[in-house]
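One letter stands for each residue in the lines below.
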Amino acid sequence: RTVYRDKIKKMCDANKQSLEVSYMHLSNVQPVFGIWVADAPAPILDALNEAGFDVVLQLYPNYEEIHKQIYIRIVELPITDKLRDIRQVHLNAM
């Protein structure tokens, strides 16, 4: 999507390392992937970080000289768990 190309450009122009990706966009394009992000965030975020960095390097081949990796940050996650409902397993998954 063009929106992410623009976000990557802004991130790289500012020499930043975090790229925000909309959960809503992700789940609309790949519904199963959206479920995995919510249920098993660590391995999915690792894969997204790697894929995101590959895309950044395609657009900015020398960006590896600035950062060795980037971090995908999922935004617009529609989870409304109450604080008292969060269990230890959830805390270890974030």
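Residues numbered from 1 in each chain as written. Predicted model: local features only at pLDDT ≥ 70, side-chain atom pairs only at ≥ 80, totals over all residues. Heavy atoms only, no water.

## Points about helix H4 (residues 41–59)
When the terminal C-alpha atoms of H4 are compared, their 26 Å separation across 19 residues agrees well with the 27 Å that a helix rising 1.5 Å per residue should span. Among the residues of H4, Pro41, Ile44, Leu48, Asn49, Gly52, Phe53 and Val56 are the ones counted as buried. The buried side chains of H4 occupy one side of the element, clustering within an arc of 165° when seen end-on. Opposite the packed face of H4, turned more than 90 degrees from it, sit the exposed residues Pro43, Asp46, Glu50 and Gln58. (Helix = DSSP H or I, 4+ residues; strand = E, 2+ residues; numbered from the N terminus. Expected span 1.5 Å × (residues − 1). Buried < 20%, exposed > 50% of the residue type's maximum accessible area, 1.4 Å probe, protein only. Arc of directions from axis to C-beta.)

## Some points on the packing of helix H3 (residues 31–39) against H4
Two numbers describe how H3 lies on H4: the axes approach to 6 Å, and their chain directions differ by 120°. Relative to H4, the element H3 is oriented oblique. Contacts from Phe33, Trp36, Val37, Ala38 and Asp39 of H3 reach H4 at Pro41, Ile44 and Leu48. Class assignment of the residues belonging to the contact of H3 with H4 gives a composition of seven nonpolar, no polar and one charged. (Axes fitted to C-alpha atoms, helices over the stretch in contact; angles between N-to-C directions. Parallel < 35°, antiparallel > 145°, perpendicular 65-115°, else oblique. Contact = heavy atoms within 4.5 Å. Nonpolar A, V, L, I, M, F, W, Y, C, P; charged D, E, K, R; others polar.)

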